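Structural overview
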Amino acid sequence: MVLDAWWDAAFGGVIGLLLGSFLNVVIYRLPKMMERQWAAELAQMDAANQGKDSLADTQPPFNLMTPRSRCPSCGHVVQWYENVPVLSYLFLRGRCSACKTRISPRYPLVEIATGALFYFCIYRWGATPAGVAWCGFSAALVALAFIDWDTTLLPDDITLPLLWAGLLSAAMQWIEVPLYASVMGAVGGYLSLWLVYWGFKLATGKEGMGYGDFKLFAALGAWFGWQALVPIILMSSVIGAIIGIAMKIFSSLREGGYIPFGPFLVGAGFTAMVFGPNAILATILKLLGL
């Protein structure tokens, strides 16, 4: 029985490695696809305001499938055998096979992280709808964390399906959260950060976070229930403070000193998935001496 669980988890880990390779594409291309869409919509609005016919988009197709992956330095088309998760990176010694430009180690790290998360989910919940659901949850959070870190964007194309998947999983009893708690978690997660956003903006005249953070917190509320909102926001604040202080010490803050909040919500979400929201709250209270 234990051996069967191990094999199922190992298979899940392999699937995670493969999906991690695809997530690298999503992380890089989805923001660019959004920018192209915004530019096209703006061009159509300008044309409409000037009384002209909207111009057809003459740019070559660009989506998650087209064009094939290329080296950004020399344009070398990545062959299938150069795209095997982790192994190809090691075989190529982290460099493009054509121009020898260094490839970021983040690519294999995303693959390894996704594989490890899938292994954990299947080992803990088995090859069941619950295990598959938590694998999907993990894949979405990995993509959101890196996209937000790179661009300060949390795409609706990921956050909204993640929210609905949490509600569906609760309704189908794939996760141990009653549907009522899931719905209230989604509502409470969105409204709480929405209120913080407007309170900060009215007080300072600045925007402290984006609407994507509301939607991500709502999604986490749907997956863990309203009772988990306080532990998750506390944990994300602790993670954010630690990383922010470290970045300030090493003078690695970006221009303006901002840090996207999404990756810290993701970190808290993974912590809640592994240890449970109650364990998070107990640990924080213990650290605070309460």
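All values derive from a computational prediction rather than experimental measurement. Per chain, the residues get numbers from 1 upward, laid out in the order the sequence is written. In view of the model being predicted, local features appear only for residues whose pLDDT reaches at least 70, and side-chain atom pairs are presented and counted only at 80 or more, with totals across whole chains, interfaces and linings using the full set of residues. For side-chain calculations, the full set of non-hydrogen atoms in the structure is used, while hydrogens and water are omitted.

**Here's the deal with the confidence of the model for the protein**
- For the protein, the average pLDDT comes to 89, and 92% of its residues sit at 70 or higher.
- When mean pLDDT is taken per element in the protein, helix α5 (residues 156-171) scores highest with 98 and helix α10 (residues 277-287) scores lowest with 76. A residue's pLDDT is simply how confident the predictor is in it, with values from 0 to 100. Helix and strand definitions here come from DSSP, where helices need a minimum of 4 consecutive H or I residues and strands a minimum of 2 consecutive E residues; each element is numbered from the N-terminal end.

**Brief notes about the packing of aromatic side chains**
- Pairing of aromatic rings covers Phe, Tyr and Trp, the last through its six-membered ring, and needs centres within 6.5 Å; plane angles under 30 degrees mean stacked, over 60 mean edge-to-face, and all others mean tilted. This model, assessed by the stated rule, comprises 18 aromatic pairs.
- Judged by centre distance (4.9 Å) and plane angle (50°), the rings of W134 and W223 are tilted. One end of the pair, W134, is in helix α4 (residues 129-151); the other, W223, is in helix α7 (residues 211-224), with 89 residues separating them in the sequence. As far as burial versus exposure is concerned, W134 and W223 are alike and both buried. To sort residues, take the accessible area from a 1.4 Å probe on protein chains only and compare it with the maximum for the residue type: under 20% means buried, over 50% means exposed, and anything in between is partly exposed.

**Side note on the state of the cysteines**
- Defined by distance alone, a disulfide is two cysteine sulfur atoms within 2.5 Å. Across all of its chains, the model carries zero disulfides by this definition.
- Sulfur of C71: no disulfide; nearest cysteine sulfur belongs to C99 and is 3.8 Å away.
- Among the cysteines around C96, which has no disulfide bond, C71 carries the closest sulfur, lying 3.8 Å off.

**Considering the packing of α4 against helix α9 (residues 262-275)**
- Angles run from 0 to 180 degrees between N-to-C directions of axes, and those axes are lines fitted to C-alpha atoms, restricted for helices to the stretch in contact. With their axes 8 Å apart at the nearest point, α4 and α9 run at an angle of 155° to one another. Put simply, α4 runs roughly antiparallel to α9. Here α4 and α9 pass one another in a crossing that is left-handed. Facing α4, whose interface residues are W134, F137, S138, L141, V142, A145, D148 and W149, α9 presents G262, P263, F264, V266, G269, F270 and M273.
- By the convention adopted, Pro, Cys, Tyr, Trp, Phe, Met, Ile, Leu, Val and Ala count as nonpolar, Lys, Arg, Asp and Glu as charged, and the other residues, Gly among them, as polar. Here the residues of the contact of α4 with α9 are counted per class, giving 11 nonpolar, three polar and one charged. Oblique is the label for every angle not falling under 35 degrees (roughly parallel), over 145 degrees (roughly antiparallel), or within 65 to 115 degrees (roughly perpendicular). Helix crossings get a hand from a simple test, with the near helix turned counterclockwise from the far one by less than a right angle marking a left-handed crossing and a clockwise turn marking a right-handed one. What makes two residues a contact is simply this: any of their non-hydrogen atoms within 4.5 Å.

**Focus on the side chain of K215**
- Here K215 shows up in helix α7.
- Accessibility expressed as a relative area gives 18% for K215, which makes it buried.
- Setting aside its immediate chain neighbours within four residues, K215 contacts D156, T159, L160, L163 and Y190.

**Focus: helix α3 (residues 106-125)**
- By this rule, a helix spans an expected 1.5 Å times one less than how many residues it contains. If you check α3, its first and last C-alpha atoms are 28 Å apart, about what 20 residues at 1.5 Å a residue would give, namely 28 Å.
- All of the buried residues along α3 are P108, V110, E111, T114, G115, L117, F118, C121 and I122.
- Immediately beyond the C-terminal end of α3, within one or two residues, lies G126, with a positive phi of roughly 80°.

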